Amino acid sequence: MERWRSCPALADKDEAFLAAVADYLVQLEALSQKQRHCLALFKAAELVNALIQIKERREAEDRVGPELAHRSFALVRSVIRNRSLPYAGSESQCLRDPQLTAVIDEGCRLFHLGKTNKELYQKALALSAAQCLALQDQLGPALDQYLQGAGLELPETLIASVRASFIDAYRS
């Protein structure tokens, strides 16, 4: 059995979900180191935004507020549209590589279709899990780089939650 199957984030997942993760891992492991780095930067932005949006929707006690939630959402939407991650005071990271575009587009497609289709939503979650696994070594540094350059003032509790839920939980 693959070592990744023992990570805490996958403990309660069924075999169909794990099979989808395995399929996506094959695609992701074919990426070059530079492609993985760029995808990790995008994934960091996406994970921060996802957690912010979830907390806002649930009106969690530790939510960041509608203004920051909107800024985070607008930034990720802009990255998806422009295929570039802008950073204050430094060079932007290009995401126009066809393999990166395909991965990002597939995630967006599954997420949006998954709003009305439970099976596709599970595939979106499987792709996200596979990304967290494949990018395990890059996600921590990518999160730090994103936080340093994105121009968003985020509370430490949110950052700790992203690390716990999407980086530490995927360690096997």
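Reading guide: rules and limits
- Residues numbered from 1 in each chain as written.
- Predicted model: local features only at pLDDT ≥ 70, side-chain atom pairs only at ≥ 80, totals over all residues.
- Heavy atoms only, no water.
- Helix = DSSP H or I, 4+ residues; strand = E, 2+ residues; numbered from the N terminus.
- Expected span 1.5 Å × (residues − 1).
- Buried < 20%, exposed > 50% of the residue type's maximum accessible area, 1.4 Å probe, protein only.
- Contact = heavy atoms within 4.5 Å.
- Salt bridge = Lys/Arg side-chain N within 4 Å of Asp/Glu carboxyl O.
- Phe/Tyr/Trp six-rings, centres within 6.5 Å; stacked < 30°, edge-to-face > 60°.
- Lys NZ or Arg CZ within 6 Å of the ring centre and 35° of its normal.
- Axes fitted to C-alpha atoms, helices over the stretch in contact; angles between N-to-C directions.
- Parallel < 35°, antiparallel > 145°, perpendicular 65-115°, else oblique.
- Left-handed = near helix turned anticlockwise from the far one by under 90°.
- Nonpolar A, V, L, I, M, F, W, Y, C, P; charged D, E, K, R; others polar.

1. Structural notes on helix α4 (residues 98-113)
Here α4 spans 22 Å end to end across 16 residues, near enough to the 22 Å set by a 1.5 Å rise per residue. Buried residues of α4: L100, T101, V103, I104, G107, C108 and L110, and no others. The secondary structure elements touched by the buried residues of α4 are α1 (15-29), α2 (33-57), α3 (66-82) and α5 (118-134).

2. A closer look at the pattern of salt bridges
Counted under the stated rule, the structure contains eight salt bridges. Ionic pairing is found between D62 and K55, a salt bridge with its closest N-O pair at 2.8 Å. On the basis of relative accessibility, which here comes to 32%, the residue D62 falls in the partly exposed class. Each member of the salt-bridge network shares a partner with another, and the members are E2, R5 and E15.

3. What to know about the packing of aromatic side chains
The full count for this structure, using the stated rule, is zero aromatic pairs. Lying over the aromatic face of F17, K13 brings its terminal NZ or CZ to 5.0 Å of the ring centre.

4. Things to note about the packing of helix α6 (residues 136-149) against helix α7 (residues 156-167)
Helix packing geometry: the angle between the two helix axes and the distance between the axes. α7 packs onto α6 with a crossing angle of 155° between their chain directions and a minimal axis gap of 11 Å. Relative to α7, the element α6 is oriented roughly antiparallel. Handedness of the α6/α7 crossing: right-handed. Contacts between α6 and α7 involve L139, G140, L143, D144 and L147 on the former and, on the latter, I159, V162, R163, F166 and I167. When the residues that make up the contact of α6 with α7 are grouped by side-chain class, the tally is seven nonpolar, one polar and two charged.

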